[in-house]
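# Inside the fold
Below, each chain spelled out in residue letters.
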Amino acid sequence: MVSQEDYIKTREERVNFLKTIGLNEEIFSKYIPIDYKPIPDFIWKNIIIEVLKKLEKNEDDLTSSGFTHFAISGHTEGKKWAPWGMFDKSRYELSNKSNKEIK
């Protein structure tokens with residue numbers, strides 16, 4: 001959950017990124033809400049049941065694979081949350097390294 005001010009900043013970053021890759025703002029901007037809308041409780045419940053509890057059951061496997069601190073990204077589909085991927089800090093380190101090399 002974020003504040004409206006923080007949401008506006010991230011929205012602007014998202015809009016600017018999409019423009020830099022050549023997308024038409026008139027088309028995509030209507031799909032990026034202007035006001036922040038918190039994630040509904042039924043989505044949080046779905047995340048707890050379908051993601052967090054499953055991760056907890058697989059804690060030993062995750063730990064042995066080096067996933068002790070990680071993030072999961074995803075989106076909502078109807079009344080459920082659908083994960084896209086799981087990543088750890090090495091993704092950010094690689095991203096930062098790539099960005100420095102580009103500059």
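Everything quoted here is computed from the prediction, not taken from an experiment.

## Section: the pairing of strand β1 (residues 71-77)
Where β1 meets strand β2 (residues 80-87), 7 bridges bridge the pair, whose relative direction is antiparallel. Residue serine 73 lies in a different strand from β2, and its bridge partner there is glycine 85. Counting the residues in the hairpin turn of β1 and β2 gives 2 residues, including glycine 78, whose phi is positive at 65°.

## With respect to the confidence of the model for the protein
On average, residues of the protein score 84 in pLDDT, and 87% of them reach the 70 mark or higher. Predicted confidence in the protein is weakest over helix α5 (residues 89-102), with a mean pLDDT of 59, and strongest over helix α1 (residues 4-20), with 94.

## Focus: the packing of aromatic side chains
Under the criterion given, the structure shown has 1 aromatic pair. Look at tyrosine 7 and tyrosine 36: their rings are 5.8 Å apart centre to centre, the planes differ by 50°, and that puts the pair in the tilted class. Remark: tyrosine 36 occurs in the loop between α2 (25-28) and α3 (41-57) and tyrosine 7 occurs in helix α1; sequence separation between them is 29 residues. On the accessibility criterion, tyrosine 36 (21% relative accessible area) is partly exposed. Lying over the aromatic face of phenylalanine 42, lysine 79 brings its terminal NZ or CZ to 5.5 Å of the ring centre.

## Examining the pattern of salt bridges
All told, the structure shown has 2 salt bridges when counted by the stated rule. Here lysine 54 makes a salt bridge to glutamate 50, at a shortest N to O gap of 3.0 Å. Here lysine 54 pairs with glutamate 50, and both are found in helix α3, just 4 residues apart, close to one helical turn. Given the relative accessible area of 44%, lysine 54 is considered partly exposed. Looking at glutamate 50, the relative accessible area reads 37%, which means it is partly exposed.

Definitions and cut-offs
Residues numbered from 1 in each chain as written. Predicted model: local features only at pLDDT ≥ 70, side-chain atom pairs only at ≥ 80, totals over all residues. Heavy atoms only, no water. Pairing = 2+ DSSP bridges. Helix = DSSP H or I, 4+ residues; strand = E, 2+ residues; numbered from the N terminus. pLDDT = per-residue confidence, 0-100. Phe/Tyr/Trp six-rings, centres within 6.5 Å; stacked < 30°, edge-to-face > 60°. Buried < 20%, exposed > 50% of the residue type's maximum accessible area, 1.4 Å probe, protein only. Lys NZ or Arg CZ within 6 Å of the ring centre and 35° of its normal. Salt bridge = Lys/Arg side-chain N within 4 Å of Asp/Glu carboxyl O.

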